[in-house]
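Here is what each chain is made of, one letter per residue.
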Amino acid sequence: MKNFILPICLGLSCITFNTKAFNQADFSKALRLSNLNEYSIITTPADRDLSNADLSDAFLLEANLNGANLLGANLNGARLLGANLSNTLLNFANLSDADLSNANLSNANLSFANLRKTNLYGADLSNVNSTDANFLEAILSRTSGLTDEQKTYARRRGAIFE
């Protein structure tokens, strides 16, 4: 994993983290204690690695995670309303019971992701790879960008479109 600095900013104040230890990190308790709804995660390079991280129950309203590697990450119960998850690797991620309403997931890879009971209301799903994703009871109302084939696949696996 590449080592780089991750600044998290609120207004003009920033806290920086060295990302060397982020791979397989458990953020669940820290993020439950913090309200990060006004924070923006800004990093370079774009290939930041949060693979296998535990972000369960995180509150990341409008977070910018564009291009992040969240392969195998646990986002169970996370609230990512309006988040930018475009170009994100979410293969094998657990997004069950997460709220991604109005999120941008364009060009994201959701193959083999667990989207059970995930709220994707109004999300942009343009060009997503949803191969073998679990859509059981996922809310896909008012989403955009899914192909007819993807909609059929999701319906057959229990997704809710109304």
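Since this is a predicted model, take the numbers as computed values, not measurements. (Residues numbered from 1 in each chain as written. Predicted model: local features only at pLDDT ≥ 70, side-chain atom pairs only at ≥ 80, totals over all residues. Heavy atoms only, no water.)

S.K.: Just to check I follow, could you spell out the overall build of the protein for this structure?
M.R.: Looking only at helices and strands, one finds two helices and three strands in the protein. When the helices and strands of the protein are read in sequence order from the N terminus, they spell out β-β-α-β-α. Per-residue burial over the protein gives 46% buried out of 162 residues. Counted over contacts in the protein with a minimum sequence separation of 6, partners at least 24 positions apart contribute 14%. Counting only carbon and sulfur atoms, one obtains 49% of the accessible surface of the protein, whose full area is about 8,200 Å². (Helix = DSSP H or I, 4+ residues; strand = E, 2+ residues; numbered from the N terminus. Buried < 20%, exposed > 50% of the residue type's maximum accessible area, 1.4 Å probe, protein only. Contact = heavy atoms within 4.5 Å. Areas by Shrake-Rupley, 256 points an atom, 1.4 Å probe, with all protein chains shown as cover.)

S.K.: What exactly am I supposed to notice about the packing of aromatic side chains here?
M.R.: Where two aromatic rings form a pair, the distance of their centres and the angle of their planes describe that pair. Per the stated rule, a full pass over the model turns up two aromatic pairs. An angle of 5° between the planes, with centres 4.9 Å apart, marks the rings of Phe92 and Phe112 as stacked. With Phe92 in the loop between β3 (40-41) and α2 (148-156) and Phe112 in the loop between β3 and α2, the pair connects residues that are 20 residues apart, well separated along the chain. Judged by its relative accessible area of 52%, Phe92 falls in the exposed class. (Phe/Tyr/Trp six-rings, centres within 6.5 Å; stacked < 30°, edge-to-face > 60°.)

S.K.: What exactly am I supposed to notice about the pattern of salt bridges here?
M.R.: Proximity of charged atoms lets side chains of opposite charge pair with each other. Scanning the entire structure with this criterion turns up one salt bridge. The shortest N-O distance in the salt bridge between Glu137 and Arg116 comes to 3.5 Å. Taken as a pair, Glu137 in the loop between β3 and α2 and Arg116 in the loop between β3 and α2 lie far apart in primary sequence, 21 residues in all. (Salt bridge = Lys/Arg side-chain N within 4 Å of Asp/Glu carboxyl O.)

S.K.: Where do I start with the nonpolar core in this structure?
M.R.: In summary, soluble globular proteins display a tendency toward joint burial of nonpolar side chains. Ranked by size, the top nonpolar core spans 39 residues in total, and within it Leu70, Leu80, Leu100, Leu105, Phe135 and Leu140 carry the most contacts. Discounting residues that sit within four places of it in the chain, Leu80 has contacts with Leu60, Leu65, Leu75, Asp99, Leu100 and Ala103. (Core = buried A, V, L, I, M, F, W, Y, C linked by side-chain atoms within 4.5 Å.)

S.K.: Looking at this model, I keep getting lost on α2. Mind explaining?
M.R.: For the α-helix, the turn length of 3.6 residues means that residues three or four positions removed from each other point alike. Every buried residue of α2 is accounted for by Gln150, Tyr153 and Ala154. Seen along its axis, α2 keeps its buried residues to an arc of 95°; they face one direction. In this structure, α2 carries Asp148 and Arg156 as exposed residues pointing more than 90 degrees from its buried face. (Arc of directions from axis to C-beta.)

S.K.: Looking at this structure, how should I read the confidence of the model for the protein?
M.R.: Predicted coordinates in areas of low pLDDT are best not read in detail. Confidence along the protein averages 81 in pLDDT terms, with 71% of residues attaining 70 or more. At the low end of the mean pLDDT range in the protein sits helix α1 (residues 28-33), at 42; at the high end sits α2, at 96. Low confidence marks residues 1-5, where pLDDT is under 50. Its contacts with residues over four positions away, or in another chain, come to 21 contacts. pLDDT under 50 marks residues 28-47. Its contacts with residues more than four places away, or in other chains, come to 40 contacts. (pLDDT = per-residue confidence, 0-100.)

S.K.: Please explain the side chain of Gln150 as it appears in this structure.
M.R.: Structurally, Gln150 can be placed in helix α2. Classification of Gln150 as buried rests on a relative accessible area of 15%. Among the polar contacts made by the side chain of Gln150, one reaches the main-chain carbonyl oxygen of Val128 at a distance of 2.9 Å. For Gln150, the side chain forms a polar contact with the side chain of Ser130, separated by 3.4 Å. Those residues in contact with Gln150, other than ones at most four positions away along the chain, are Val128, Ser130 and Gly145. (Polar contact = N/O pair within 3.5 Å; in protein donor to acceptor, adjacent residues only side chain to side chain.)

S.K.: What is the right way to read the environment of Gly145 from this model?
M.R.: Inspection of the secondary structure assignment puts Gly145 in the loop between β3 and α2. Distance in space between the C-alpha atoms of Gly145 and Val128 is 8.2 Å, their sequence separation being 17 residues. Every residue in contact with Gly145, bar those within four places of it in the chain, is listed here: Leu125, Ser126, Asn127 and Gln150.

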